[in-house]
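Take a look at the letters that make up each chain.
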Amino acid sequence: MSEAGRILGPGGPDLLVRMRGRAVGAIVCAGFGAYALYWWTQAAIQGERRLWFVAIAAATAILVVWAMANLTALRHAPKVALDRRLVRFYRIGYALIVAIEGAAISVGGPILGHFHRPDLYGQWIGAVVGLHFFPLGKLFKLPLYYWTGAAISLAAFGSLLISPSPLRSAITAGGTGVALWITAVVTLSKNLDQMPREGIR
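Notes on the structure in this doc start here.

Comments concerning the overall build of the chain
Reasoning step 1: Regarding its fold elements, the chain presents eight helices and zero strands.
Reasoning step 2: Secondary structure elements of the chain, listed N to C terminal, follow the sequence α-α-α-α-α-α-α-α.
Reasoning step 3: The C-alpha radius of gyration of the chain comes to 18 Å, within 12% of the 17 Å expected for a compact globule of 201 residues.
Reasoning step 4: When the backbone C-alpha atoms are referred to their principal axes, the chain occupies close to 55 × 35 × 25 Å.
Reasoning step 5: Buried positions account for 40% of the 201 residues belonging to the chain.
Reasoning step 6: Taking all contacts inside the chain whose residues are at least 6 apart in sequence as the whole, residues at least 24 apart take part in 73%.
Reasoning step 7: For the chain, the accessible surface area stands at approximately 11,100 Å², while carbon and sulfur atoms represent 71% of it.
Reasoning step 8: For the chain, the separation between the mean place of its 19 positive charges and that of its 8 negative charges on side chains is 5 Å.

Details of a nonpolar patch on the surface
Reasoning step 1: On the surface, a nonpolar cluster with roughly 810 Å² of combined accessible area is contributed by V24, V28, F32, Y35, Y38, W39, W52 and F53.
Reasoning step 2: For the nonpolar patch, the elements supplying multiple residues, two or more each, are α2 (15–44) and α3 (50–75).
Reasoning step 3: Per-element accounting of the nonpolar patch gives the leading share, six residues, to α2.
Reasoning step 4: With respect to the helices and strands, V28 occurs in helix α2.

Observations regarding the side chain of D14
Reasoning step 1: Assignment of secondary structure puts D14 in the loop between α1 (3–8) and α2.
Reasoning step 2: Engagement of the side chain of D14 in a polar contact is seen with the side chain of Y90, the distance being 2.4 Å.
Reasoning step 3: If near-sequence neighbours (up to four positions away) are discounted, D14 is found in contact with L82, L86, Y90 and K141.

Reading the values: the criteria
- Residues numbered from 1 in each chain as written.
- Predicted model: local features only at pLDDT ≥ 70, side-chain atom pairs only at ≥ 80, totals over all residues.
- Heavy atoms only, no water.
- Helix = DSSP H or I, 4+ residues; strand = E, 2+ residues; numbered from the N terminus.
- Rg over C-alpha atoms; globule rule 2.2 N^0.38 Å.
- Buried < 20%, exposed > 50% of the residue type's maximum accessible area, 1.4 Å probe, protein only.
- Contact = heavy atoms within 4.5 Å.
- Areas by Shrake-Rupley, 256 points an atom, 1.4 Å probe, with all protein chains shown as cover.
- Lys, Arg positive; Asp, Glu negative; His and termini not counted.
- Charge placed at Lys NZ, Arg CZ, Asp CG, Glu CD.
- Patch = residues over 30% accessible without salt bridge, like charges linked within 9 Å, V, L, I, M, F, W, Y side chains within 5 Å.
- Salt bridge = Lys/Arg side-chain N within 4 Å of Asp/Glu carboxyl O.
- Polar contact = N/O pair within 3.5 Å; in protein donor to acceptor, adjacent residues only side chain to side chain.

Below, the structure is given as structure tokens:
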């Protein structure tokens, strides 16, 4: 199996669809990574943040353009007609995972408020986001997402070892943002590598 296959999953009749999905996923990772790193600047940077904002916006734009280039390259590949049951499986599975993630994040505020620990909401979000990558990785046959989920979860739970402070929030937000951006970079740098090996080009 190729290096891309080990990181991004196996081939198969649905490979092209998953390759397009990976590129879209990279856009999502880039956007939410930027959002997490924005909160990292709030917790970690005490002085002027304007240059950090510009750098984050520029890096996000590069990742999005790179993902769009991936999608453009995949337009030249043959169209694949998937079995409708498989398409439905992907759609329902993805919607269910995202719905559970959203619900879990939403109930975090009231639950933590009940226990008088609203300061842990950032860690709650990080833990939920990290854990949701595991079923996503299973659904889309994408081993890279297991590492993403583990890294984000580690940042969220590991930050609890630090006493309440801006540093705790910075570790959670920064770890999440960096993990998401690394996921986007790895995905986009390896995504098209499977095309020739699968006889698509």
